[in-house]
Amino acid sequence: DPPDIRSTPVAPPAASTESFDVIVVGGGFAGLRAARDLLDAGRDVLVLEARERLGGRTLMVPFPGSDKHVELGAAWVAPRYHRWVAQEMDRYGLALAEPVDMGASFNWRFDGEVSSAFPLAGDQLFELERAIYRIIEASHRIDTDVPRDEGDLTALDVSVEEFLRGLDLSERTYDFLAGFGSLGSGAESSEWSAITALSLIAAFDCSAYAWLAAVTDKFAGGTAAVVDALVGDAQPDVRLSTAVERVEQRPGEVVVTAAGGQTFAASAVIMAVPLNVWRDIEFVPELSEAKAALRSEGHPNRMGKLW
């Protein structure tokens, strides 16, 4: 069995700076994958994680009062389209959980009323059909193999709200599509980009169904199985409960300072923390203008999960 690094106690701060080839800040999936690949390449790697556990925005725990485990964070995957997920599943022999029949019952809330009937009817269905075709058409403009800032996407650089308003929809049909967009983004339609929304659809072979409900699979054993596989394979040097406060680029090295004053040095540092965590870290020199603006704006997702 892989060691339970998530419960490994943190060593007392060292008196002097520890040195490594590369430091990875953040012990979520991105950080663990980066550490694994670097260790495969023969590098000496340190992973710094602010929490007392690994896994980042995934967390599988027992549901109180039962023998069931539930995901309190990210859980859903679609290996057919998520090629990096499929790559990890192949490497570690991970399987998908048996699908659970969730039933076909939905409650819709429109105009202050709740109903199990589909909320659109009559001409609104024609509007929905026309909108879906326009969404598919726009998604074909995005090449998912090309960085989005290198593509000619200026016309799509608007909010989801502005994009949908441009489809000349009735208010109810607009609310229907905007609602599904918010379900996928955790933000209001005015707060996230049409480029992001259409990129997600483009990644699903330009299927507008991806806007609604394309990601429906989960890992057998939950997301914890992936964390355990990555950790068991790479055996990285991990320091938990070690929040990074400062990242300073000096001639020939980068020095990372953790809360409490402990310092670590490396020839390179990989930042694998969520965007909204950037605000808690001092960067020297300061981030580029574009990255500083992104840090200031933050990620708009405000979704919570209810069991």
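Note that the structure is predicted; figures quoted are calculated from it, not measured.

A. Geometry of helix α6 (residues 194-203). With seven of its 10 residues buried, α6 lies for the most part within the structure. Inspection of α6 places A194, I195, A197, L198, S199, I201 and A202 among the buried residues, and these make up the whole buried set. You can read the cap of α6 off the contacts: a side-chain oxygen lies 2.9 Å from the backbone nitrogen of I195, and it is on S193. Of the residues flanking the end of α6, it is D205, one or two places downstream, whose phi is positive at about 55°.

B. Representation of a nonpolar patch on the surface. A cluster of nonpolar side chains, F63, L72 and W307, forms an exposed patch at the surface whose accessible area comes to about 320 Å². Here L72 is to be found in the loop between β4 (69-71) and α2 (83-92).

C. Local environment of the packing of helix α1 (residues 29-40) against helix α8 (residues 222-234). Contact geometry of α1 with α8 gives a least axis separation of 9 Å together with a crossing angle of 25°. When the axis of α1 is compared with that of α8, the two are roughly parallel. The crossing of α1 and α8 is left-handed. From α1, F29, L32, R33, R36 and L39 reach across to α8, where they touch T223, V226, V227, L230, V231, D233 and A234.

D. Examining the pairing of strand β9 (residues 253-258) more closely. With six bridges connecting them, strand β8 (residues 244-250) and β9 associate as antiparallel partners. Paired with R246 across the bridge in β9 is T257. In this structure, the hairpin formed by β8 and β9 is closed by a connection of two residues, where G252 is found at a positive phi of approximately 85°. For β9 and strand β10 (residues 263-271), the ladder comprises four bridges, and the chain directions are antiparallel.

Calculation notes
- Residues numbered from 1 in each chain as written.
- Predicted model: local features only at pLDDT ≥ 70, side-chain atom pairs only at ≥ 80, totals over all residues.
- Heavy atoms only, no water.
- Buried < 20%, exposed > 50% of the residue type's maximum accessible area, 1.4 Å probe, protein only.
- Helix = DSSP H or I, 4+ residues; strand = E, 2+ residues; numbered from the N terminus.
- Polar contact = N/O pair within 3.5 Å; in protein donor to acceptor, adjacent residues only side chain to side chain.
- Patch = residues over 30% accessible without salt bridge, like charges linked within 9 Å, V, L, I, M, F, W, Y side chains within 5 Å.
- Areas by Shrake-Rupley, 256 points an atom, 1.4 Å probe, with all protein chains shown as cover.
- Salt bridge = Lys/Arg side-chain N within 4 Å of Asp/Glu carboxyl O.
- Axes fitted to C-alpha atoms, helices over the stretch in contact; angles between N-to-C directions.
- Parallel < 35°, antiparallel > 145°, perpendicular 65-115°, else oblique.
- Left-handed = near helix turned anticlockwise from the far one by under 90°.
- Contact = heavy atoms within 4.5 Å.
- Pairing = 2+ DSSP bridges.

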